[in-house]
Amino acid sequence: MTPADLSATVLHAVRSAVDEHVLRAPVPARVRVERTRPGGRGDYASAVALQLAGPAALTAREVAEILRERVAGAPGIGRVEITGPGFLNFTLDATADAHRSLVDRVREQGPRYGYGDALAGTSSHFSHPREVRAAVTADAVGRLVRAQGALVRISCDEEPDPDWVRLGIAADTEGPPSPASAPTRIRPVPAGAPAGELLDRLGPDATRWGLLRPAGHDRAPLGDELLLQAEGNALFLVRYAHARVHALTRGAALLGCTGARDEAAGDTAGTLRDTPGAPAHALLDLLADHPAVLAAAARHGAPDRLARHLEAVAHAFLDFHDAASPLPVGDEKPSAAHRSRLALAEAAGTVLAGGLSLLGISAPTYL
């Protein structure tokens, strides 16, 4: 967080307190912050409470308490203390740089964010019976293992079902020579219906999600609820969140507000000033976990882990979106805060698209 970021955050707190009629004083044009002097506390300090005390008919410490409640917990700020007659002292959060780096990394790597080399130099052979859920699971596991750098061979006990091609499963599933050890057997609880019937009723995306979302030892619910356009349908939720990100990007382009780095302001994609801390941090934590989730899903042959992770990302993104819009609202002007929120939203959309791709499911930009 730069001094300009901190100044804007404190100014936002003043404006919020005035709008809520907790503080009755004119909102200053800017708030001055400066490096803490030797022997002082924190990284920066501000005398804004002393400046507002007279007009507000309060003591400077009372004003400082009002502002501290609104600044504490803001992204980039670790601690806020009051010293002397009412000076605000700010200790910056060391995780802010990590958050900036994370969002930048996701945006740079795109849908391949989370791919790694955890299984590099290894060769895996998966075999499965001639059953649709086993075939779809083997295909998804193969995608996950390849994303971690392994060579993969997948074989079916019998001639593959021609309908599997409609599910994105290649008719020829052979790969590199199999290792000397016996193939890993993939045999989840059967779907109870042939591929053709599921495809005619649900289509390829809902069929794959319905087969992959439950753990392999659980029965796969394959009812028409997979087609519902409602939050209770996890597939719709994930794809809606992804489409919503693209709608934000389109809207931002019309407003001239992008998620790119703002060189003039010194802002970076992960600087989430003026954004409620909890929703933003929850989403950032899930994005940071994504590489580990992919690696674990590959090692354990469990695409359901990735599906559940995508649900969590979708929920967190929508919570973040509702807490602080990435686009200007009402008479707001596009600002660095909006650009940084948009960057985080676009990072979430990137993770959702990449995860769906590994499950063999499309990620539409319109819903």
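Rules used in this analysis
Residues numbered from 1 in each chain as written. Predicted model: local features only at pLDDT ≥ 70, side-chain atom pairs only at ≥ 80, totals over all residues. Heavy atoms only, no water. Buried < 20%, exposed > 50% of the residue type's maximum accessible area, 1.4 Å probe, protein only. Helix = DSSP H or I, 4+ residues; strand = E, 2+ residues; numbered from the N terminus. Pairing = 2+ DSSP bridges. Right-handed = clockwise from strand over helix to strand, strands pointing away. Core = buried A, V, L, I, M, F, W, Y, C linked by side-chain atoms within 4.5 Å. Contact = heavy atoms within 4.5 Å. Axes fitted to C-alpha atoms, helices over the stretch in contact; angles between N-to-C directions. Parallel < 35°, antiparallel > 145°, perpendicular 65-115°, else oblique. Left-handed = near helix turned anticlockwise from the far one by under 90°. pLDDT = per-residue confidence, 0-100. Phe/Tyr/Trp six-rings, centres within 6.5 Å; stacked < 30°, edge-to-face > 60°. Lys NZ or Arg CZ within 6 Å of the ring centre and 35° of its normal. Salt bridge = Lys/Arg side-chain N within 4 Å of Asp/Glu carboxyl O. Expected span 1.5 Å × (residues − 1). Bend = angle between axes of the 7 residues up to and from the residue.

## Here's the deal with the pairing of strand S5 (residues 123-128)
Next, step 1: With five of its six residues buried, S5 lies for the most part within the structure.
Next, step 2: Of the strand pairs in this sheet, S5 and strand S6 (residues 151-156) are connected by six bridges, and their pairing is parallel. Paired with Ser123 across the strands is Leu151, a residue of S6.
Next, step 3: Since S5 and S6 lie parallel, the crossover through helix H5 (residues 132-147) that links them has a hand, and here it is right-handed.
Next, step 4: Where S5 lies against strand S7 (residues 184-185), two bridges are found, and the strand directions are parallel. Pairing of Ser127 across the sheet is with Arg185, part of S7.

## Digging into the nonpolar core
Next, step 1: With 75 residues, the main nonpolar core has Val132, Trp209, Leu283, Leu287 and Phe317 as its most contacted residues.
Next, step 2: Those elements giving two or more residues to this core turn out to be helix H4 (95-109), H5, S6, helix H6 (195-212), helix H7 (234-255), helix H8 (277-300), helix H9 (303-323) and helix H10 (336-358).
Next, step 3: Beyond its immediate stretch of four places on either side in the chain, Trp209 contacts Pro214, Leu226, Ala234, Leu235, Val238, Ala307, Glu311, Leu356, Leu359 and Ile361.
Next, step 4: Counting 29 residues, the second-largest nonpolar core is a separate cluster that includes Leu11, Ala17, Tyr44 and Ile77.

## Describing the sheet that holds strand S1 (residues 34-35)
Next, step 1: Spatial ordering of the open sheet is given by S1-S2-S4-S3, a layout of four strands whose pairing is antiparallel. The sheet is open, and its two borders are formed by S1 and strand S3 (77-83), each paired with just one other strand.
Next, step 2: Bridging between strand S2 (residues 44-46) and strand S4 (residues 87-92) involves three bridges; their strand directions are antiparallel. Within the sheet, the bridge partner assigned to Ser46 lies in S4 and is Leu88.

## Considering the packing of H5 against H6
The axes of two packed helices give the description: the angle between them and the distance between them.
Next, step 1: Packing of H5 against H6 brings their axes to within 11 Å, and their N-to-C directions diverge by 40 degrees. When the interaxial angle is binned, H5 and H6 end up oblique. For the element pair H5 and H6, the recorded crossing hand is right-handed. In contact with Val132, Arg133, Val136, Thr137, Asp139, Ala140 and Arg143 of H5, H6 contributes Ala195, Leu198, Arg208, Leu211 and Leu212.

## Quick look at the confidence of the model for the chain
Next, step 1: In this model, the chain carries an average pLDDT of 88, and 90% of its residues clear a pLDDT of 70 or more.
Next, step 2: Averaged pLDDT values over the elements of the chain bottom out at 82 in H4 and peak at 98 in H6.
Next, step 3: Every residue in residues 261-274 scores below 50 in pLDDT, and together they form 41 contacts with partners more than four places removed in sequence or on other chains.

## Focus: the packing of aromatic side chains
Next, step 1: Inspection of every chain in the model, using the stated rule, returns one aromatic pair.
Next, step 2: Ring geometry for Phe236 against Tyr240: centres 5.8 Å apart, planes inclined by 20 degrees, an arrangement best described as stacked. On the criterion of helical spacing, the pair formed by Phe236 and Tyr240 is a turn pair, its members being four residues apart in helix H7.
Next, step 3: Look at Phe236 and you get buried, because its relative accessible area is 17%.
Next, step 4: Positioned above the aromatic ring of Tyr366 is the side chain of Arg250, whose terminal nitrogen or guanidinium carbon lies 3.9 Å from the ring centre.

## Digging into the environment of Gly168
Next, step 1: Within the fold, Gly168 resides in the loop between S6 and S7.
Next, step 2: On the accessibility criterion, Gly168 (44% relative accessible area) is partly exposed.
Next, step 3: For the pair formed by Gly168 and Asp139, sequence separation is 29 residues and the distance between their alpha carbons is 8.6 Å.
Next, step 4: Not counting the four nearest positions on each side in its chain, Gly168 is found in contact with Asp139, Arg143 and Arg208.

## Some words on the pattern of salt bridges
Should their charged atoms come close, side chains of opposite charge can pair.
Next, step 1: In total, this model carries 16 salt bridges according to the counting rule given.
Next, step 2: Its salt-bridge partner being Glu81, residue Arg79 comes within 3.4 Å of it at the nearest N-O pair.
Next, step 3: For Arg79, a relative accessible area of 44% gives the class partly exposed.
Next, step 4: In this structure, Arg208 engages Asp139 in a salt bridge whose closest nitrogen and oxygen atoms are separated by 2.7 Å. Here Asp139 lies in helix H5 and Arg208 lies in helix H6, a separation of 69 residues in the sequence. With respect to class, Arg208 is no different from Asp139; both count as buried.
Next, step 5: Because the salt bridges share partners, they merge into one network encompassing Glu20, Glu69 and Arg70.

## Overview of H6
Next, step 1: With 18 residues, H6 should cover 26 Å at 1.5 Å per step; its first-to-last C-alpha distance of 14 Å lies more than 12% under that length.
Next, step 2: Bending of H6 peaks at approximately 110 degrees at the position of Gly203, with proline Pro204 no more than four residues after it.
Next, step 3: Among the 18 residues of H6, 14 are classified as buried, and the element is accordingly described as predominantly covered.

## Description of the sheet that holds S7
Next, step 1: Here three strands make up an open sheet; going across it, the order is S6-S5-S7 and the pairing parallel. Looking along the sheet, the strands with just one partner apiece sit at the ends: S6 and S7.
Next, step 2: Packed onto the sheet, H5 meets S5 and S6 and runs at close to 170 degrees relative to S6.

## Structural notes on the environment of Leu199
Next, step 1: On the secondary structure map, Leu199 appears in helix H6.
Next, step 2: For Leu199, a relative accessible area of 6% translates into the label buried.
Next, step 3: On a C-alpha basis, the gap between Leu199 and Leu167 in space is 8.0 Å, while along the polypeptide they are 32 residues apart.
Next, step 4: Leu199 has contacts with Asp163, Arg166, Leu167, Pro204 and Thr207, leaving out every residue within four places of it along the chain.

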